[in-house]
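Overview (structure and organization)
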Amino acid sequence: MGVRSNSPELYWLPQQPPDWRRRVTALSADPVKDWNASWAEAVALAKFRLSFPSTNALDLAVQHLLSAPLARATASCRLAFLSSSTTTHLAAGIRVGASRRGIAVEMYEPSYGQYRQDLTDTQSGLYAFAPTIVLFAFDAVFVAAHALEAKTIADANRLADEFVNSLRKLWASARDRLGALVIQQTIMPHMPNYGGNNEHRLPTSGAAFISRVNQRLREASDEAGIDLLSLDTRVVQDGLEGWFSPVSWFGAKQEVALPASPAYGDMVARVIAARQGRSAKCCVFDLDNTLWGGVIGDDGVNGIVIGAGSAAGEAFLNLQNYALDLRRRGVILAVCSKNDEAIAVEPFDNRADMALRRQDVTCFVANWQDKPSNLQIIARQLNIGLDALVFVDDNPFERELVRKSLPEIFVPEVPDDPALIPRCLSDAGCFEMVAITDDDIRRTATYAENALRASFQHEAVDLDSYLFGLNMVLRWRRPGEQDIARVTQLINKTNQFNLTTRRLNESDVRAAMAAPHAAVLQFRLVDRFGDNGVIAVVIGHIADNAEFMIDDWLMSCRVLGRQVEGAMLNVLSSVAREMGATRLNGVYRPTKKNGIVADLLARLGFVTEEASNGVVIGALDLESFDEHRTTINIEKESL
Amino acid sequence: MIDKTKIYDVLRDVFAEVFMRDDIPLSASLSAKDVAGWDSIKQVEIIMETEQRFGVRFASQEVDNFRNVGDLVATVMRRVG
């Protein structure tokens, strides 16, 4: 059933893996053997797109862990939830949301409506609990009732002032007598209008009273130094229907509908984490198809899509402007891209349509190493923890690799459409702030001064096990008529992973396909994220001396670092053998852009020698050639 | 007209998610007394998750009348049609 109602989902988190339920069940086992490992597992299991039943299930396991003897999370907090209506259904979302950020939360929820007595009576359960944070939440019906005696708008304004002043007293006692930080939830705007568009002119209007109160809460919270939980803003963005269910309200006095409880809990957890200094500090962007459309190495500085003139160009520009807004607020910007650095910086320096300039990016890493290694380098250069990084990349392969290798880094599941990425980053609450200080705004400058342009040494990440889990299949065939357009396009577009950079038109390709003693091969890569399409082409021919000459070898950079070239050579060697060849010959012809394959032949086991002008000639003896071991399965595709 | 077996397929998934078990034998007469842990909170979870899966919203009267799985299936059939 694909239909989902419009409940707010944690859509920036990846889908639950198939073994999720089994892993949660395993966590609930008694006794807890290795507490630290179990807690790490609970944190990992919280980082998926959880529905409310799944949130409740994981919460039971989390509570089980936290009640175990020797429970010792590195970060924790004691939260008292004081409310005018039911909150028991929200506790799981808060605990799981905090676990997602590595924080263990213990909660205290007196029966609803009890908060005044609890705050005044030093013998109450609240004082015994000794909270570090008090969260106040008042439902709209309760708040709106304060407007009922208003005769004039002046009355309504005065009553709103009085109501907010009564809250200030609650905040003060929580802070001064309990020594707790205070979070005040803004009032959920769900009261129906009874006057229409100009409802605000009705003195007794509940809906108008709630907007008066919410407006005052913003000023009062700043003055009192407490934090808001801006439920009103969130509800306006997501739509009331997803957050408020009359059935839950009338049936159980639950103002936040059950399906919204994971989102509510995640919002609370962000404020808690921000207060503990656990908000991310740096946003790391991929370049190709993330900050602009297209591939800079192939399309060139004027070929990439950015700026006015098209919807996509505007959308990429909008994302760049959002990044600049983050930077103005004190978030450090970094780049992590598989590219030659000289090519990758070009748009920043030479393309006027770009909003981002080179100096806006504090740490710029473009090379051909795997991204987890580069992200570690970025964190080290900026001298911040990995958990202070957020990584934005359009490629699901790279996202999953980073999550697997460096689970501390938050990698949002950004939508394919660049127009939706700013909203995703904002909904995900990546860069939650509680107070903005001059330091925040100065921070980017300081980091820029500290960041050194180091030479990046290679640091290995356990790629093999990750690649193995991708279930990659390389499907190859001799192309048919229907493939010619794509094969030709790839031949002419690929500048970087291209041994000879020979350009051919469709009739050239057709001629090569028809030639005796020649071979045109196309390769398609399929993995568990889907079909990457035709990503590589090899063209070659047999010369008189039973030697197979590789005339063209090119591959899309999208699948770099996945052992595809080794698997391709395995295919190529068997095709060449079948054609009667005993040797493979290859040649690398350098261009400005294809430095990445300068050592390809040597890496794959060819005996190479350098000719003039950087040209490399390589030969591979097919009789002694051992197939490359890769994690890719090879299949021959029929036409 | 939505197929009754399809509804049961979806509900089996709902129950598995709510109770974290996939061995609950769903039948029209199955009710709270038959399943350990089926309390009023689980009852609301089942209803809400069913609403989510079928993209419908049940009315207060309907929710008050859910006594067993059969009632739930009948209401979904009426709503999804």
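Residues numbered from 1 in each chain as written. Chains lettered and ligands numbered in written order. Predicted model: local features only at pLDDT ≥ 70, side-chain atom pairs only at ≥ 80, totals over all residues. Heavy atoms only, no water.

Quick look at the overall build of chain A now. Secondary structure summary: chain A contains 25 helices and 17 strands in total. Structurally, chain A occupies a C-alpha span of about 100 × 60 × 50 Å along its principal axes. Burial analysis of chain A (639 residues in total) assigns 57% to the buried set. A fraction of 74% describes how many contacts in chain A between residues 6 or more apart in sequence connect residues 24 or more apart. Counting only carbon and sulfur atoms, one obtains 50% of the accessible surface of chain A, whose full area is about 26,800 Å². (Helix = DSSP H or I, 4+ residues; strand = E, 2+ residues; numbered from the N terminus. Buried < 20%, exposed > 50% of the residue type's maximum accessible area, 1.4 Å probe, protein only. Contact = heavy atoms within 4.5 Å. Areas by Shrake-Rupley, 256 points an atom, 1.4 Å probe, with all protein chains shown as cover.)

Before going further, it helps to spend a moment on the domain arrangement of chain A. Here the domain parsing of chain A yields domain 1 (11-74), domain 2 (75-275), domain 3 (282-427) and domain 4 (444-636). Taking only C-alpha atoms into account, the centre of domain 1 of chain A sits 43 Å from that of domain 4 of chain A. (Domains from an automatic or database assignment.)

Let us look at the pairing of strand β2 (residues 103-108) of chain A. Residue and element names in this part refer to chain A. The buried count for β2 comes to five of six residues, which makes it a mostly enclosed element. As judged from the six bridges shared by strand β1 (residues 75-83) and β2, these two strands associate in the parallel manner. Paired with A80 across the two strands is Y108, which belongs to β2. Each parallel crossover has a hand, and for β1 linked through helix α4 (residues 91-100) to β2 it is right-handed. (Pairing = 2+ DSSP bridges. Right-handed = clockwise from strand over helix to strand, strands pointing away.)

All names here are of chain A. Two elements in contact, helix α2 (residues 35-46) and helix α3 (residues 52-66), have axes separated by 11 Å at closest approach and are oriented at 155°. Considering the angle they form, α2 stands roughly antiparallel to α3. Like other packed secondary-structure pairs, α2 and α3 cross with a definite hand, here left-handed. Of the residues in α3, those in contact with W35, S38, W39, A42, L45 and A46 of α2 are L58, V62, L65 and L66. Across the contact of α2 with α3, the residue classes break down as nine nonpolar, one polar and no charged. (Axes fitted to C-alpha atoms, helices over the stretch in contact; angles between N-to-C directions. Parallel < 35°, antiparallel > 145°, perpendicular 65-115°, else oblique. Left-handed = near helix turned anticlockwise from the far one by under 90°. Nonpolar A, V, L, I, M, F, W, Y, C, P; charged D, E, K, R; others polar.)

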